[in-house]
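# An overview of the molecular structure
Spelled out from the first residue to the last, the chains are:
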Amino acid sequence: MIRYRLQCNKRHEFEAWFKGSADYDRQSRRKLVTCPECGSAKVTKAIMAPNVSASRSKPAEMTVANPEAAAQADKKRELVALMRQLRSEVEKNAEFVGPRFAEEARKMHYEEVERRGIYGEATQEEARDLHEEGIEFYPLPPLPEDRN
Ligand SMILES: [Zn+2]
């Protein structure tokens, strides 16, 4: 199939499909190709656009130019959503102890105080010490908005 962009003698533009250029020529000779607006059979070809389906699909392909990157972006969005959920859970159920995190975690570990959920800040050194002492803790994943 070939699509022809056609124009009548009154400059109405329209499109029509033909089996091929020979089909168009035959129909045109028999004055079967008429303008849908004014019915004129004085029709000429404007632009020929064969294989239209292929050129039509191009813009869609371009929006997903890199499907792998798109999938990764999706995954990242999911991950961020998950981290945000985790964080809000922690913030809802745990007490913020700020820079006293290592101290509080240690006190709980050695049962100097009652166990409870806490979250706070620890330096890398403190984190390493806690780890060495066998104190369980989980780093809260940073969220994109924290970097602002
Ligand atoms: Zn016309």
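Here the structure is shown first, and the text comes after it.
Here is a short report on the structure shown in this document. Here the residue numbering is sequential within each chain, running from 1 through the sequence in written order. A pLDDT threshold of at least 70 governs which residues receive local features in this predicted model, and a stricter bar of 80 or more applies before side-chain atom pairs are shown or counted, although totals over entire chains, interfaces and linings include all residues.

### Here we look at the overall build of the chain
Counting secondary structure elements, the chain contains six helices and five strands. Counted from the first residue to the last, the chain has its helices and strands arranged as β-β-α-β-α-α-α-β-α-β-α. Out of the 148 residues in the chain, the part that is buried amounts to 7%. Contacts are defined on C-beta atoms placed from the backbone: any two residues whose C-beta positions lie within 7 Å are in contact. Put simply, of all contacts in the chain between residues at least 6 apart along the chain, 48% involve residues at least 24 apart. Here a helix means four or more residues in a row that DSSP labels H or I, a strand means two or more in a row labelled E, and each is numbered from the N terminus. In this scheme every C-beta is placed from the backbone, and a residue whose C-beta has 20 or more other C-beta atoms within 10 Å is buried, one with 12 or fewer is exposed, and one in between is partly exposed.

### Re the pairing of strand S2 (residues 13-18)
We call two strands paired when DSSP finds no fewer than two bridges between them. Direction of pairing for strand S1 (residues 2-8) relative to S2: antiparallel, over a ladder of six bridges. Among the inter-strand pairings, Ile2 is bridged to a residue of S2, identified as Phe18. The antiparallel pairing of S1 with S2 creates a hairpin that spans four residues between the two strands, and Arg11 there sits at a positive phi of about 65°.

### With respect to the packing of helix H5 (residues 101-109) against helix H6 (residues 124-132)
Here H5 crosses H6 at 10°, and the two axes come no closer than 10 Å. One finds that H5 runs roughly parallel with respect to H6. Along the contact surface, H5 presents Ala102, Ala105 and Arg106, while H6 presents Glu126, Asp129 and Leu130. Along the lines of polarity and charge, the residues of the contact of H5 with H6 split into three nonpolar, no polar and three charged. In this description, a line fitted to the C-alpha atoms serves as the axis of each element, helices being fitted only across the stretch in contact, and the angle between N-to-C directions of two axes falls anywhere from 0 to 180 degrees. The scheme is simple: roughly parallel for angles under 35 degrees, roughly antiparallel for over 145, roughly perpendicular for 65 to 115, oblique for anything else. Following the grouping adopted for this structure description, the nonpolar residues are Ala, Val, Leu, Ile, Met, Phe, Trp, Tyr, Cys and Pro, the charged ones are Asp, Glu, Lys and Arg, and the polar ones are all others, Gly among them.

### Describing H5
Turning to H5, its buried residues are Phe101, Ala102 and Ala105. Along the long axis of H5, the arc covered by the buried residues comes to 95°, so they all point the same way. As for H5, its buried residues are in contact with strand S4 (95-98), strand S5 (118-120) and H6. Remark: Glu111 follows H5 within two positions and exhibits a positive phi of approximately 55°. The directions from the helix axis to the C-beta atoms are what the arc is built from.

### Looking at unusual backbone geometry
For Lys31, which is not glycine, the phi dihedral falls at a positive 60°. Among the secondary structure elements, Lys31 is positioned in the loop between helix H1 (21-29) and strand S3 (43-50). By the C-beta count within 10 Å, which is 11 here, Lys31 ends up exposed. Residue Glu111 is not a glycine yet carries a positive backbone phi of 55°. Tracing the sequence through the fold places Glu111 in the loop between H5 and S5. Taking the C-beta count within 10 Å as the criterion, Glu111 has 8 such neighbours and is therefore assigned exposed.

### Observations regarding the pairing of S4
Relative to S5, S4 is paired through three bridges, and the arrangement is parallel. Each residue of the ladder has a partner; that of Phe96, found in S5, is Tyr119. Here is how to tell: hold the view so the strands point away, follow the path from the first strand over the helix to the second, and if it runs clockwise the crossover is right-handed. Following the chain from S4 across H5 to the adjacent parallel S5, one finds a crossover that is right-handed.

### Focus: the nonpolar core
Among the nonpolar cores identified, the biggest contains six residues, and these are Tyr4, Leu6, Cys8, Tyr24, Val33 and Val43. Excluding residues within four positions of it along the chain, Tyr24 makes contact with Tyr4 and Phe18. By definition, a nonpolar core groups buried Ala, Val, Leu, Ile, Met, Phe, Trp, Tyr and Cys residues that are joined through C-beta atoms within 7 Å.

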